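Structure at a glance
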Amino acid sequence: MNTRSAARKHAQAAWALTVPLVLLAGLLTGCSDQDPDPWAKCNWMSKLPDAGARRTGHTAILVDVTSSVRGPKAESGGVDHSEPAAQYMKKWLSGTGTMSVAAFGGTDDIRWVAENWATGPSAKDNEENRKRRAEMVSECAAHQVAEAQSVTPQSGGTDVLDAVREAAVTLAEHKGTRRLVVLTDGLATTGCADLRGSTFKDPLEIDAIAQRCQDDQELSSGTLALIDTVLVDLGRSARDQPQANAAQTDWIGKLWKRLCQTAHPKPARREDCAVTALPSAAPLGGKPVARHDDPAPAFPGRTYTRAGANAFFSPNSSALLDNALPEITRIAVELRNLDGAQVRVFGYVDPRGGSANNRSLSQARADAVKSKLEELGVKKVTATGKGVADGCPKAESRLSTEQKLRCDRRVDILVDQMGRDR
């Protein structure tokens, strides 16, 4: 027998021995407690629920997967709703026999990752199975939220109301209790609730947006009729996105509660509209997420201007006046409570000095305020000398020459909340 024939015979013998071993390994794996898909235990929920469950009611859960919530890249530190949501699932699913979960992005971009899943065991199950399955419902429902979070939007922008309207149509097909849960930061960038130019503080703006949504027929009093609605985590965005402060978050909550009430018939029921926040969770990580360069609402920054009688400096000096320290301390206390705020200090001078001195003096003034703020515990402070001031901000009347000089000799402290510390 030549060498090639011997090698072939040896390979055939080895293959003949390997096949039974592979089959045996497959059988043993099939009998193993280690399921390759740990979430296969939830598959029973996706089976057609029995008639009793279908009549009981339905919960629809909408998950915002746009850039402001997930961030434009994997390391953005997006909001992971899945783990904290598990703690609320029992409440959200109570009184309903089935549920659906969808991811949404811009207009006409809503995709259901779970449809008409049972939220309780079948009456045909034995007692042991009923108990075991009842205990896993919240965990399995939260996993579907995680699945929705992994969906990449197909269109840009954020259209919360479009997703709400589609979910309302789905809920109308069910009898019994109907509940809608919307996991979103509420920063819509399309439609009647577009917030890209919002001040995030004026109650009259809330009235105007609600009226526009009615006039444009994006909402009516029947949109969410007989649907209990829960708006979750309004104002909470990905870590590297613009951050709402407490007052702006409160305004966003009031806006969406108003829009929710607009979509319900009057008189409103107590359970019609609720706004809640989940406990903080680990940031969303993993594979790349939203791929659209979405326009994001810009939260207006806060500006502290100190000039005139409240100026921090004497003429031709960068030494902080004694009467400036209480005011800087008050500002520092406010800024320390703003998570991740970026603080920019701009120093100015009046036009009486030379051009070379103007730049260095204005920089020295900005540096002096920066140092004091940092000494008082404020982080992320930058200082820039602007030289001669260009006009007096918020001047309500004609200023005298001395008043103009005092206003020019000022410091502006600008505060933007862009991204939180990890």
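Note: the structure precedes this text.
The residue numbers shown here count from 1 along each chain, following its written sequence. Predicted model: local features are reported for residues with pLDDT of at least 70 only, side-chain atom pairs are reported and counted for 80 or more only, and whole-chain, interface and lining totals are derived from all residues. To get the side-chain values, all heavy atoms of the structure are used, and hydrogens and water are removed first.

Moving on, we come to the state of the cysteines. Criterion for a disulfide: a pair of cysteine sulfur atoms at a distance within 2.5 Å. Tallied over the full model, the rule gives 3 disulfides. Paired through a disulfide, Cys-192 and Cys-213 show a sulfur-sulfur distance of 2.0 Å. The sign of the 95° torsion about the S-S bond sets the Cys-192-Cys-213 disulfide as right-handed. Of the two residues, Cys-192 sits in the loop between strand E5 (177–183) and helix H9 (203–215) while Cys-213 sits in helix H9, which places them 21 residues apart along the sequence. Per-residue accessibility, obtained with a 1.4 Å probe over protein chains only, is compared with the maximum for each type, and a residue is labelled buried under 20%, exposed over 50%, and partly exposed between these values. Cys-213 gets classed as buried once you look at its relative accessible area, which sits at 0%. In this text, helices come from DSSP runs of H or I with a minimum length of four residues, and strands from runs of E with a minimum of two, each type numbered from the N-terminal end.

The next thing to look at is the pairing of strand E7 (residues 273–276). A pair of strands counts as paired when DSSP detects no fewer than two bridges linking them. Here strand E6 (residues 228–232) runs beside E7; their pairing, made up of 4 bridges, is parallel. Bridge pairing in E7 places Val-230 opposite Ala-274. Place the viewer so that the strands point away; then a crossover is right-handed whenever the path from the first strand over the helix to the second strand goes clockwise. A crossover links E6 with its parallel partner E7, the connecting element being helix H10 (residues 246–262), and its sense is right-handed.

What follows deals with helix H13 (residues 401–408). Leu-405, Cys-407 and Asp-408 are the residues of H13 that are buried. Buried residues along H13 cover an arc of 165° about the axis, so they all sit on one side. Pairs of residues are marked as contacts when any of their non-hydrogen atoms sit within 4.5 Å. Contact partners of the buried residues in H13: strand E10 (341–349). Directions are taken from the helix axis to each C-beta atom, and the arc is the one they span.

Now for the packing of H9 against H10. For any two helices packed against each other, one specifies the inter-axial angle together with the distance between the axes. Running from amino to carboxyl end, H9 crosses H10 at an angle of 30°, the nearest separation of the two axes being 10 Å. The orientation of H9 relative to H10 falls into the category roughly parallel. Read as a crossing pair, H9 and H10 show a hand that is right-handed. Along the contact surface, H9 presents Pro-203, Glu-205, Ile-206, Asp-207, Ile-209, Ala-210, Cys-213 and Gln-214, while H10 presents Trp-251, Lys-254, Leu-255, Arg-258, Leu-259 and Thr-262. Each residue is assigned to one class: nonpolar for Ala, Val, Leu, Ile, Met, Phe, Trp, Tyr, Cys and Pro, charged for Asp, Glu, Lys and Arg, and polar for all the others, Gly among them. The class makeup of the residues in the contact of H9 with H10 is 8 nonpolar, 2 polar and 4 charged. Lines are fitted to the C-alpha atoms to define the axes, a helix being fitted only along its stretch in contact, and any angle between axes, read from their N-to-C directions, falls within 0 to 180 degrees. By definition in this entry, angles of less than 35 degrees are roughly parallel, angles greater than 145 are roughly antiparallel, angles of 65 to 115 are roughly perpendicular, and the rest are oblique. Working rule for handedness: look at the near helix, and if it is turned counterclockwise from the far one by less than a right angle, call the crossing left-handed; if clockwise, right-handed.

This next bit is on the side chain of Ser-237. Summarising the element assignment, Ser-237 is placed in the loop between E6 and H10. Distance and chemistry together define a polar contact, namely a pair of N or O atoms within 3.5 Å, with one atom able to donate a hydrogen and the other to accept it when in protein, and with adjacent residues in sequence counting only for side-chain atoms on both sides. Reaching out from Ser-237, the side chain makes a polar contact with the side chain of Asp-185 at a distance of 3.1 Å.

Whenever a carboxyl oxygen of Asp or Glu lies within 4 Å of a side-chain nitrogen of Lys or Arg, that contact is scored as a salt bridge. Summed over all chains, the structure comprises 19 salt bridges. The salt bridge involving Arg-165 is made with Asp-162; its shortest N-O contact spans 3.5 Å. Of this pair, Arg-165 and Asp-162 both sit in helix H8 (residues 160–172), 3 residues apart, roughly one helical turn. By relative accessible area, which is 11% here, Asp-162 ends up buried.

Spatially, E9-E12-E10-E11 is the arrangement adopted by the 4 strands of the open sheet, whose pairing is mixed. Each edge of the open sheet carries a strand with a single partner, namely strand E9 (302–306) and strand E11 (381–388). Neighbour-to-neighbour, the strand axes of this sheet turn through a mean angle of 15°, independent of strand direction. The strands that helix H11 (residues 325–336) touches are E9, E10 and strand E12 (411–417); relative to E9, the one it contacts most, it runs at about 175°.

Turning our attention to the packing of aromatic side chains. The criterion for an aromatic pair is that two Phe, Tyr or Trp rings (for Trp, the six-membered ring) have centres within 6.5 Å, with stacked assigned to planes under 30 degrees apart, edge-to-face to planes over 60 apart and tilted to the rest. Under the defined criterion, the tally for this structure stands at 4 aromatic pairs. Taking the centre distance of 5.5 Å and the plane angle of 70° together, the rings of Phe-200 and Trp-251 count as edge-to-face. Residue Phe-200 is located in the loop between E5 and H9, and its partner Trp-251 is located in helix H10; the two are separated by 51 residues in the primary sequence. Of the two residues, Phe-200 and Trp-251, neither departs from the other in class, the shared state being buried. Of the aromatic side chains, those joined through ring pairs into one cluster are Phe-200, Trp-251 and Phe-299. Lying across the ring of Trp-39, Lys-41 places its NZ or CZ 5.2 Å from the centre. The rule is short: NZ of Lys or CZ of Arg within 6 Å of the ring centre and within 35 degrees of the ring normal puts a charge over the ring.

Residues Lys-266 and Pro-267 are joined by a peptide bond in cis, for which omega reads 0°. Relative to the helices and strands, Pro-267 resides in the loop between H10 and E7. Here Asp-108, not a glycine, exhibits a phi torsion of approximately 60°, which is positive. The class for Asp-108 is exposed, based on a relative accessible area of 67%. Phi is positive for Asp-233, close to 65°, though the residue is something other than glycine. Relative to the helices and strands, Asp-233 is located in the loop between E6 and H10. Among the residues examined, Asp-233 registers a relative accessible area of 2% and is labelled buried.

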